[in-house]
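Tertiary structure, described
Chain residues, written in single-letter form:
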Amino acid sequence: MHAFNRKQFDKSAKQQKLGRNDKCWCNSGKKYKQCHQAFDDKIARIADQGHLVPHQEMIKNADQIAGIRQSAKINIAVLDYVAEHIHADMCTEEIDRMVYDITTKMGGIPAPLHYQGYPKSVCTSVNEQVCHGIPSEDIILKEGDIVNVDVSTILNGYFSDSSRMFCIGDVSPEKKRLVDVTKECVSIGLKEVKPWGFLGDMGQAVHDHAYANGYTVVREIGGHGVGLEFHEDPWVSYNSLRGEEMLMVPGMIFTIEPMVNMGKADIYVDDKNQWTVYTEDGMPSAQWEIMVLVTEDGAEVLSY
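Just so it is clear, the model here is predicted, and its values are computed rather than measured.

Each helix and strand in the protein chain was counted, giving five helices and 16 strands. Structurally, the protein chain occupies a C-alpha span of about 65 × 45 × 35 Å along its principal axes. Out of the 304 residues in the protein chain, the part that is buried amounts to 58%. The long-range fraction of contacts in the protein chain, counting pairs at least 24 apart against all pairs at least 6 apart in sequence, stands at 70%. Counting every atom, the protein chain has about 13,100 Å² of accessible surface; 48% of that belongs to carbon and sulfur.

Here it is in structure tokens:
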């Protein structure tokens, strides 16, 4: 699931003030001067240049990353199971039951279930539904449909999140191209995830590839930090510019999940359920989502 709207950040917020010989804030047990002092000093210098920088709570330590990886293993396994069993003439409620059953059998909890009142364990968004499609006995997948299945998992308090597109039977060349180009956008964006770069580097790469292929990218809904909570800072845009948005540093975890529309970028939210997002012009939309960890030399995909 996705975070609506950009959040405001405070560059100085939530930073622990430590002495050189204090234990580091990352729980490594090392003295600050031997662990993250040089790291924090570098971030502070970049902040002084006017850039948006992460606060310490956004940077995961080794134990947290290990826990998030275990959650992500369930998330991947659930999507693999859906990939094996999704087919025409099934209702999206059946996908919800599959996700709940496999997640709980593996010891996890479906993160969407009851999240801010959301009634199901997964989001299933079909054709012109951009995101947050609610599974139902009444929604039957038909030959030619495209559907995004968005799975999120909690395991031992750690969160993971990813989604995939599925083409039901033979889809039109136009829909297939939209699905494929959207996946390319994610891959191109991933190549731009590097420590000491900026989220805008990734965002512009995604945006440019979508628009070069004649598509648009949803503006109001973006990616998000994830791991210790379902939705964390930073908010991640795919309508951004190189050198802008938040600084990426090792230990940050966030999603790359552009919503790419065949037509215009405009969207609206269903008045009745207050969840499902549609394209304004009724044209199809596609989305793939991966969860990435910024490493010392690039990025690691944790969930896909």
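Attention shifts here to the nonpolar core. Among the nonpolar cores identified, the biggest contains 43 residues, and M202, F254 and I256 are the most heavily contacted of them. Of all the secondary-structure elements, those providing two or more residues to this core are α1 (37–48), α4 (173–190), α5 (199–212), β10 (253–256) and β15 (290–294). Ranked by the residues each element gives to this core, the list is headed by α4, at five residues. Apart from the residues lying within four places of it in its own chain, the contact partners of M202 are G189, E192, V193, V236, Y238, F254 and I256. I86, V122, V147 and V151 belong to the second-largest nonpolar core, a separate cluster that totals 19 residues.

Tallied over the full model, the rule gives five aromatic pairs. Seen from their ring centres, Y118 and W275 are 5.1 Å apart, and the 80 degrees between their planes marks the pair as edge-to-face. With a gap of 157 residues between them, Y118 in the loop between β2 (109–110) and β3 (123–126) and W275 in the loop between β12 (267–269) and β13 (277–279) connect regions that are remote in the sequence. Like W275, Y118 is buried. Between Y268 and Y278 the ring centres are 5.4 Å apart and the planes differ by 15 degrees, which places this aromatic pair in the stacked class. Of the two residues, Y268 sits in strand β12 while Y278 sits in strand β13, which places them 10 residues apart along the sequence. For Y268, a relative accessible area of 37% gives the class partly exposed. Y278 gets classed as buried once you look at its relative accessible area, which sits at 15%. What links up through ring pairs into an aromatic cluster is the set Y115, F159 and F230. Sitting above the plane of the W196 ring, K42 keeps its charged end 4.2 Å from the centroid.

The terminal C-alpha atoms of α1, which comprises 12 residues, lie 16 Å apart, in line with the 16 Å expected from a rise of 1.5 Å per residue. Considered for burial, the residues of α1 that qualify are Q37, F39, D40, I43, I46 and A47. Just downstream of α1, G50 is the residue with a positive phi angle, here 100 degrees.

The next thing to look at is the pairing of β3. Because side chains alternate across β3, one face comprises the buried residues C123 and S125, and the other comprises T124 and V126, equally buried. Bridging between β3 and strand β5 (residues 146–155) involves four bridges; their strand directions are antiparallel. Opposite C123, over in β5, you have D150 as the bridge partner.

Strand order in the open sheet made by the three strands is β4-β13-β12, with antiparallel pairing throughout. Edge positions in the sheet fall to β4 (129–131) and β12, since each of these pairs with one other strand and no more. Each adjacent strand pair in this sheet contributes to an overall mean axis angle of 40 degrees, direction not counted.

Let us now look at the pattern of salt bridges. On inspection of all chains with the given rule, the structure shows nine salt bridges. The salt bridge partner of D80 is R164, with a shortest N-O separation of 2.9 Å. On the criterion of sequence distance, the pair formed by D80 in helix α2 (residues 62–85) and R164 in strand β6 (residues 158–167) is long-range, its members being 84 residues apart. According to the relative accessible area criterion, R164 is buried, its value standing at 11%. Across the salt bridge formed by R219 and D266, the nearest N and O atoms sit 3.1 Å from each other. Linking R219 in the loop between β7 (216–217) and β8 (221–225) with D266 in the loop between β11 (259–261) and β12, this pair joins segments that are 47 residues apart in sequence.

About the cut-offs
- Each residue is numbered by its place in its chain's sequence as written, counting from 1.
- Confidence filtering applies because this is a predicted model: local features only for residues at pLDDT of at least 70, side-chain atom pairs given and counted only at 80 or more, and all residues used for totals across whole chains, interfaces and linings.
- Where side-chain values are given, they derive from all heavy atoms of the structure, hydrogens and water being excluded.
- Only DSSP runs of H or I covering at least 4 residues are called helices, and only runs of E covering at least 2 are called strands; the numbering of each starts at the N terminus.
- To sort residues, take the accessible area from a 1.4 Å probe on protein chains only and compare it with the maximum for the residue type: under 20% means buried, over 50% means exposed, and anything in between is partly exposed.
- Any pair of residues with heavy atoms lying within 4.5 Å of one another is described as a contacting pair.
- All accessible-area figures derive from a Shrake-Rupley calculation using a 1.4 Å probe, and residue coverage is judged against the displayed protein chains alone.
- What makes a nonpolar core is a set of buried Ala, Val, Leu, Ile, Met, Phe, Trp, Tyr and Cys residues whose side-chain atoms join them at distances within 4.5 Å.
- Working definition: a ring pair exists when centres of Phe, Tyr or Trp rings (six-membered ring for Trp) sit within 6.5 Å. Plane angles under 30 degrees give stacked, over 60 give edge-to-face, the rest tilted.
- Put simply, a charge is over a ring when the Lys NZ or the Arg CZ is close to the ring centre, within 6 Å, and near the line of the ring normal, within 35 degrees.
- One less than the number of residues in a helix, times 1.5 Å, gives the span that helix is expected to have.
- Strand pairing is defined by DSSP finding a minimum of two bridges between the two strands.
- Where helices are involved, their axes are fitted lines through C-alpha atoms of the stretch in contact, as for all axes, and angles between N-to-C directions lie from 0 to 180°.
- Salt-bridge detection follows one rule: a side-chain nitrogen of Lys or Arg within 4 Å of a carboxyl oxygen of Asp or Glu.

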